[in-house]
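# Results of the structural survey
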Amino acid sequence: MDIIKIIAIIVMAYFPAFAVTNQFRGVNWADKRDNFVSEVLVLSGLSLSDTYESASIVADRVIGQFVELLGTNSVRLPINEPTVSTFWNTYTGVIDVGLKKGRVVLGYWGPAQPSGPKNMDNWWAMWDTVVKKYGEDPNAYFEIFNEPHMYTKEELRNLYASWLTRYPNVPRDHIILDGSGMAQNVPDIASDSRFDGCLFAVHEYTFWNMSITTEAGWKNSIKGKVGNYSDRTICTEWGGAMSPGDKAGVHYETMDYNQQPTNYFMAYIRGIPEQLREWKMGSFYWPGLRDGDWYSMTKRSGEGANIKLEIVNQSGVDRMQYSWTDTVEVPPVPQEPFGSFNGELEIAGEPTSIPGTIEVENFDLGGNQVSFYDKDTENKGNAYRKNAVDVVGLDCAEIAEGVFVKGTDCAHYALGYTEAGEWLEYTVNVESENVYTIEARVASGGDNSSFRLFLDDEPIADTIKAENTGDWDTYTTVSMVTSKLSKGEHILKLLITGSYVNIDNLKFTEGTIRLSEPLHFISRKGMQEYSVYHLNGALLGNYNAVDMNSLKREMHRSNLKSGIYFVRSKTGQINQLIELK
């Protein structure tokens, strides 16, 4: 074997081969001022008064919600000289949390100036500190210089070569080299054999060419920036408008990126993920979180341990996730019917039978995006189960005829704090092929609350409006008749179509039934007066109530005995017999 072949084998062993870079499913976490600052970087949600411990708490909330809400396994964090020299003991709290949750790319951001670092000694000292602490961490990656537009191609190549010489023990497949310019020319760098084994970075944005208005045009644009090096390149920045904003004198409302494009933003957000998917290229959306940025994929509320992230535009998340093609095997989380909850563990059970009653808080096991979708990670009702679904406790003195009276804890629950687009699923067993009457116990303090039901993703009834009951503690019954349901095991989905409806349960009865009591609604905003008579015609009293169920409660409180009574409303719209049990 000649010496050339021996060298080639050594090089191949030392510098790993690349096929794709889709191991990176990431977002950027940024300073509100952008990361091009000459001072300490303060990521959105952090403050200069943070300690290692408090910064760790913030990072756990932010990066943890990136993982849970968006499905990321990587985060890209900025560094600069002041941050490492004066804020390092705090900032490492952020980095350490990120490394525990997945991959972390540490990228250098210079100040917004036409030249390179103000002081190269300080720049090298920064990297000495970073590499000493994290150079051997298997989840740490190092992006040497973000958007190095101030260097010529040769100057940039020499800077990168000097970095590799200074830190020979950093694995080359953990080193990321931006293309020249604004990370827009990967071949300028990747064609240099000194960088064999390294990864490369490309950036793409609409503001570099707003004349491109087709998906194919954007695919061709990024192809020109990457050249033949897609198998070793990561798109460490790409992003577009997620919330309303203005660009070049034009105002844009929130856009649905799952629709065909009508402007360059839509074409871009559709075309770039398509090309990333074709290449199987890893990427970092800009930004996952940056306060006040209309490109931001999430919006932050709260501080410290109370930080909550909310998805700004679900269609943007859909397109970002569409670009991901990593083939790392992750055991799928099974969807199973709920059985019980012992305060700590949720235990699987059997499908709920139809006919029967579904308690809506007993949605399937499986988690967010599997058995349910909730727009934030907090159980706002802080009741019953320990996941993102908002479950509220119903305080009640009695549970009779569906009447729930505030006052005492009775361990009864309902779905609350609902927002349009959220959904829950239930494994059910339909015992007979037939139509079914559904009686839903609901409450709402608004005028536009509604929901819809699906079986195996097919609608089984029209959208169900929950009328305003005055508040979310006053429940009434709405009913509907389904289309014919097929016998056997199915997945029932409850989709919230109008925000802020509370739902207690769904009662399925086979066939089209004549309800024993008329279903009606009277708003608490104008209490209805009822006159109650003995069957011999004697007036027993007048009662104010919001509906028939609450009327029965008032009758119980006045010590009326069980029996049949005649009821007349003051308006004359209600004249009927009711049974008091």
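Residues numbered from 1 in each chain as written. Predicted model: local features only at pLDDT ≥ 70, side-chain atom pairs only at ≥ 80, totals over all residues. Heavy atoms only, no water.

### Comments concerning the overall build of the chain
- Regarding its fold elements, the chain presents twelve helices and 33 strands.
- For the chain, with 581 residues in total, the buried portion stands at 54%.
- Taking the contacts inside the chain whose residues are at least 6 apart along the sequence as the reference set, 71% of them involve residues at least 24 apart.
- When the accessible area of the chain is evaluated, it comes to approximately 25300 Å², of which 49% is carbon and sulfur surface. (Helix = DSSP H or I, 4+ residues; strand = E, 2+ residues; numbered from the N terminus. Buried < 20%, exposed > 50% of the residue type's maximum accessible area, 1.4 Å probe, protein only. Contact = heavy atoms within 4.5 Å. Areas by Shrake-Rupley, 256 points an atom, 1.4 Å probe, with all protein chains shown as cover.)

### Observations concerning the sheet that holds strand β33 (residues 575–580)
- The four strands are arranged β31-β30-β32-β33 in an open sheet whose pairing can be described as antiparallel. At either end of the open sheet lies a strand with only one pairing partner, and these are β31 (539–545) and β33. Put simply, the sheet's adjacent strands are angled 35° from each other on average, direction ignored. (Pairing = 2+ DSSP bridges. Axes fitted to C-alpha atoms, helices over the stretch in contact; angles between N-to-C directions.)

### Remarks on the confidence of the model for the chain
- Residues of the chain with pLDDT of at least 70 account for 89%, and the chain-wide mean is 87.
- Of the regions scoring below 50 in pLDDT, residues 515–526 engages in 28 contacts with residues more than four places distant in sequence or in other chains. (pLDDT = per-residue confidence, 0-100.)

### Points about the pattern of salt bridges
- Summed over the entire model, instances satisfying the criterion amount to 21 salt bridges.
- The residue Arg-33 makes a salt bridge to Glu-39 at a minimum N-O spacing of 3.5 Å.
- On the accessibility criterion, Glu-39 (45% relative accessible area) is partly exposed.
- The partner of Glu-303 in a salt bridge is Arg-300, with the nearest N and O atoms 3.3 Å apart. (Salt bridge = Lys/Arg side-chain N within 4 Å of Asp/Glu carboxyl O.)

### Let's talk about the pairing of strand β4 (residues 140–143)
- Neither face of β4 is exposed, since Ala-140 and Phe-142 on one face and Tyr-141 and Glu-143 on the opposite face are all buried.
- Two elements, strand β3 (residues 103–108) and β4, share four bridges in a ladder whose sense is parallel. Residue pairing across strands places Val-104 opposite Ala-140, the latter belonging to β4.
- Following the backbone out of β3, through helix α5 (residues 120–134) and into the adjacent parallel β4, one traces a crossover that is right-handed.
- Where β4 lies against strand β5 (residues 175–178), two bridges are found, and the strand directions are parallel. Paired with Glu-143 across the strands is Ile-176, a residue of β5.
- What joins β4 to β5 is helix α6 (residues 153–166), and the crossover it makes is right-handed. (Right-handed = clockwise from strand over helix to strand, strands pointing away.)

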